[in-house]
Amino acid sequence: MEDTQSVASLLQSTTSKIQQLQKAFAELESHRAITLNLKWKQIEDHFHGLEKSLKRRFTELEDQENEFKIKTTQSQKLLETRQSAVIAKEEASLQKLQEKRDLAVAAITGGTPMVEEKPPPPPPPPPPLELTLTNPQLAKLCKENDVAGLHKFISDNRKNLATIKEEIPVALQVADDPGGFVLDSVSGFYNLVDGKKDANLLGQRRTCIMLMECLSVLLENVDGVYVKRVISENVKERAKGIADEWKPKLDDLDLDASNGNSLEAHAFLQLVATFGIDSCFVKEDLIKLVPMVARRHQTADLCRFLGLSEKMPGVIDVLVNSGRHIDAVNLAFAFELTEKFSPVSLLKSYLTEARRVPSLIKSGNLSPAQNDVSERELSALKTVIKCIEEHKLEDQYPVGPLQKRILQLEKAKADKKRATEVAKPQPKRPRANGISPVYAPPPRNTNTDKNFYPRMSERYAPAPTPQSQYVYDNRPYGYAVQPDTHMGAYMGTPAYNMGPNHAHYFATGYQYQAAYMH
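Throughout this description, residue numbers start from 1 for each chain and increase along the sequence as written. Owing to the predicted nature of the model, reporting of local features is limited to residues with pLDDT of at least 70; listing and counting of side-chain atom pairs is limited to 80 or more, with chain, interface and lining totals taken over all residues. Hydrogens and waters are ignored; side-chain quantities use all the structure's heavy atoms.

An unreviewed UniProt entry annotates the protein chain as FRIGIDA-like protein of Lactuca sativa. Of the comments in the UniProt record for the protein chain, the one headed Sequence similarities (unreviewed entry) reads "Belongs to the Frigida family." UniProt positions are given in the numbering used here, feature names are shortened, and annotations may be inferred rather than shown by experiment.

Moving on to the overall build of the protein chain. Labels follow the DSSP assignment, with helices taken as runs of H or I lasting at least four residues and strands as runs of E lasting at least two, numbered in each case from the N terminus. Scanning the protein chain from N- to C-terminus turns up 23 helices and four strands. A burial count over the protein chain gives 33% of its 518 residues as buried. Summed over its atoms, the accessible surface of the protein chain is roughly 33,600 Å², and 55% of this surface lies on carbon and sulfur atoms. Only protein chains enter the accessibility calculation, which uses a 1.4 Å probe; a residue whose area is less than 20% of its type maximum is buried, one above 50% is exposed, and one in between is partly exposed. The Shrake-Rupley method, run with a 1.4 Å probe, gives the accessible areas here. Residue values count only the displayed protein chains as cover.

With that out of the way, let us pick up unusual backbone geometry. In this structure, Asn145 takes a positive phi of about 55° despite not being glycine. Positive phi values are uncommon outside glycine, yet Glu336 reaches one of about 55°. By secondary structure assignment, the location of Glu336 is in the loop between helix H16 (325-334) and helix H17 (343-355).

Orientation is described by axes fitted as lines to C-alpha atoms, over the contacting stretch for helices, and by angles from 0 to 180 degrees between their N-to-C directions. Two elements in contact, helix H15 (residues 312-321) and H16, have axes separated by 8 Å at closest approach and are oriented at 160°. Classified by the interaxial angle, the pair formed by H15 and H16 is roughly antiparallel. Seen from above, H15 lies across H16 with left-handed handedness. In this structure, H15 uses Met312, Val315, Ile316, Leu319 and Val320 to contact H16, whose residues at the interface are His325, Asp327, Ala328, Leu331 and Ala332. Class assignment for the residues of the contact of H15 with H16 results in eight nonpolar, one polar and one charged. The labels follow the angle: roughly parallel below 35 degrees, roughly antiparallel above 145, roughly perpendicular from 65 to 115, and oblique for the rest. Left-handed is the label given to a crossing in which the near helix is rotated counterclockwise from the far helix by less than a right angle, and right-handed is the label when the rotation is clockwise. It only takes one pair of heavy atoms within 4.5 Å for two residues to be counted as in contact. When residue character is reported, Ala, Val, Leu, Ile, Met, Phe, Trp, Tyr, Cys and Pro are called nonpolar, Asp, Glu, Lys and Arg charged, and the others, Gly included, polar.

Throughout this description, the term salt bridge denotes a Lys or Arg side-chain nitrogen within 4 Å of a carboxyl oxygen of Asp or Glu. As enumerated under the stated definition, the model contains 20 salt bridges in all. For Glu284, the salt bridge goes to Lys311, with nearest N and O atoms at 3.2 Å. One end of the pair, Glu284, is in helix H13 (residues 283-287); the other, Lys311, is in the loop between helix H14 (299-305) and H15, with 27 residues separating them in the sequence. On the basis of relative accessibility, which here comes to 40%, the residue Glu284 falls in the partly exposed class. A salt bridge links Arg324 to Asp327, with the nearest nitrogen and oxygen atoms 3.1 Å apart. Accessibility expressed as a relative area gives 0% for Asp327, which makes it buried. When salt bridges that share partners are traced, they join Arg355, Glu377 and Arg405 into one network.

Aromatic pairing here means that ring centres of Phe, Tyr or Trp (its six-membered ring) are within 6.5 Å. Orientation follows from the plane angle: under 30 degrees is stacked, over 60 is edge-to-face, and everything else is tilted. In this structure the tally under the stated criterion is four aromatic pairs. Ring plane angle 70° and centroid distance 5.2 Å describe the contact between Phe189 and Tyr190, whose orientation is recorded as edge-to-face. With relative accessibility at 1%, the residue Phe189 sits in the buried group. Ring centres of Tyr190 and Trp246 lie 5.7 Å apart, and the angle between their planes is 65°; this geometry places the pair in the edge-to-face category. Remark: Trp246 occurs in helix H10 (residues 233-250) and Tyr190 occurs in the loop between helix H7 (178-185) and strand S1 (192-193); sequence separation between them is 56 residues. Taken together, Phe189, Tyr190 and Trp246 form an aromatic cluster joined through their ring pairs.

Of all eight residues making up H7, seven are buried, and the element is well covered by its neighbours. Pro178, Gly179, Gly180, Phe181, Val182, Leu183 and Ser185 are the residues of H7 that are buried.

It is worth spelling out the nonpolar core at this point. Definition of nonpolar core: a set of buried residues of the types Ala, Val, Leu, Ile, Met, Phe, Trp, Tyr and Cys, connected through side-chain atoms within 4.5 Å. Residues Ile168, Phe268, Leu271, Phe275, Met312 and Leu347 are the most contacted members of the largest nonpolar core, which totals 92 residues. Leave out the neighbours within four places in its chain, and Phe268 touches Ala243, Trp246, Lys247, Leu250, Phe281, Leu286 and Leu289.

Right, let's get into helix H4 (residues 136-143). In an α-helix there are 3.6 residues to a turn, and that puts residues three or four apart on one side. Turning to H4, its buried residues are Leu138, Ala139, Leu141 and Cys142. The buried residues of H4 occupy an angular sector of 165° when the element is viewed end-on, so they sit on one face. Those residues of H4 that are buried lie in contact with helix H5 (147-156), helix H6 (161-172) and H7. Immediately downstream of H4, the backbone of Asn145 shows phi near 55°, a positive value. Within this analysis, the arc is defined by the directions that extend from the helix axis to the C-beta atoms.

What makes a patch is a set of residues exposed beyond 30% relative accessible area and free of salt bridges, joined within 9 Å when like-charged and within 5 Å when nonpolar (Val, Leu, Ile, Met, Phe, Trp, Tyr). Only four residue types enter the tally: Lys and Arg on the positive side, Asp and Glu on the negative side; His and the chain ends are excluded. By convention, the point assigned to a charge is CZ for Arg, NZ for Lys, CD for Glu and CG for Asp. Among the surface-exposed residues, Glu389, Glu390, Glu394 and Asp395 lie close enough to one another that they form a single negatively charged patch. Considering the arrangement of structural elements, one finds Glu390 in helix H20 (residues 373-390).

Moving on, we get to the packing of H16 against H17. In a packed pair of helices, the relevant descriptors are the angle between the two axes and the axis-to-axis distance. Where H16 contacts H17, the two axes come as close as 9 Å, and the packing angle between them is 170°. Judged on the interaxial angle alone, H17 and H16 are roughly antiparallel. Judged by residue contacts, His325, Ile326, Ala328, Val329 and Phe333 of H16 engage Pro343, Leu346, Leu347, Ser349, Tyr350 and Glu353 from H17. Across the contact of H16 with H17, the residue classes break down as eight nonpolar, two polar and one charged.

Here the focus is the side chain of Asn261. Here Asn261 lies in the loop between helix H11 (255-258) and helix H12 (263-274). Here Arg296 takes part through its side chain, which lies 2.2 Å from a polar atom of the side chain of Asn261. Between N or O atoms, a polar contact is any pair within 3.5 Å; within protein, one atom must be a potential hydrogen donor and the other a potential acceptor, and residues adjacent in sequence are included only when both atoms are from side chains.

Here the focus is a nonpolar patch on the surface. Residues Leu21, Phe47 and Leu50 make up a contiguous nonpolar surface patch of about 230 Å² in total accessible area. Structurally, Leu21 is set in helix H2 (residues 14-31). Judged by relative accessible area, Leu21 falls into the partly exposed class, the value being 34%.

This part takes up the environment of Leu138. Among the structural elements, Leu138 can be located in helix H4. The buried category is assigned to Leu138, whose relative accessible area is 0%. Sequence separation of Leu138 and Val174 is 36 residues, and the distance between their C-alpha atoms is 9.9 Å.

The next subject is the confidence of the model for the protein chain. One number per residue, pLDDT, summarises how confident the predictor is, and it ranges from 0 to 100. With 68% of its residues at a pLDDT of at least 70, the protein chain reaches an overall mean of 75. Predicted confidence for residues 446-518 stays below pLDDT 50, and this span has 137 contacts to residues more than four positions away or in other chains.

Moving on to the environment of Asp285. Here Asp285 lies in helix H13. Among the residues examined, Asp285 registers a relative accessible area of 30% and is labelled partly exposed. Distance in space between the C-alpha atoms of Asp285 and Lys247 is 9.5 Å, their sequence separation being 38 residues.

Okay, structure coming up:
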């Protein structure tokens, strides 16, 4: 604190120092024998710039110091809470041990049979997380176990999804059975309507995943004594049954079609991780699902929690062989495997794949944009530059030549478009008098008979009848499909919506979206 005050006082005295320097410079000007190249205005502007820069940096350091103090205070409170819980647990254990000792001594000395020990009372509810609810309705819905209401509330307030996601772990604490409540909320993950997926099913699935993530946050912030209250053995068995029901449905998922963003595979892995039932499944079965969720920002944490880190080299090999080099680069950084899988080599291979002409067998199943080598290369270049910037690889892979190549491709694309437009036949415009230049005007009618005009019934259509007047009233109305933004702020990233401008195509028919989902 004293250092901060001394720095602030020095900054305040900067102006007086500049004034003193100005006087000294003026005196120097009066004694100089030759003309100096520097002017006082330049020196003054230079020192004022330094002063502003120092003040701005000082303000930033003060903000960082305040933020650090807040985090330190919160950490201390959390440690005190956990320490109190540990002490209470130790005291309860000592008391229980003393009771057993007294019973054993009484049984040996007096022949009194040992009294059967009573089951311990249920643990008290976990201490609330230190966060004020800005949406009290969340706590009310959790208290009433209103699953449908909670889904509707999240859907109606998806614009505030980031805040809701932070407050749901707090609200879950007031539920009688937090784990069972979340498990009920995911029961509709595979709901079908008339044999087809409901239009809102995509948003519901994202909500199910988010609720399981929020339950994991709650488990991370409570002591081990309270974990059994949050997820009981009965809830674990129910979760195991749901996982067994979901697992066969994952066998039909296509690795390429999922594009590394499969909600089904993500939900299964999140269910297994949140409810701690990973021991019920073979790791090889779980690792097969990772390429299907490689683009989701939660994937790395899920793999670590499920103990799949040692299997990640094999996953990266699968991604590379599938033409998904960007996902491979991201996972290599996430699991510190960049020495084994060189990011620069992967990115260069990615560009090489993008420049290849699709084979005749596969080109029939590709769109015109996928068949266009220039389009694929242009899209791949933009994705590679974004990946380089995200992982700070500019020193190893300069982006200058890539940007130059982008300009060349865009110029060629514009020239091709202009040439196509010029080659198209232009329709002839009608003349000002309304007579088409193709046809000569009809001969003038010189008949002076007063009845030469056609009858009115021939010149004009009959008056509309009530039946014909509303002939279009029964046509079906078409509504524009609104984009799904149900969980856009969440998974990061943005989240889940993919922009078509960053799609990448390969000869395999695989469509590559933006670099990495967050």
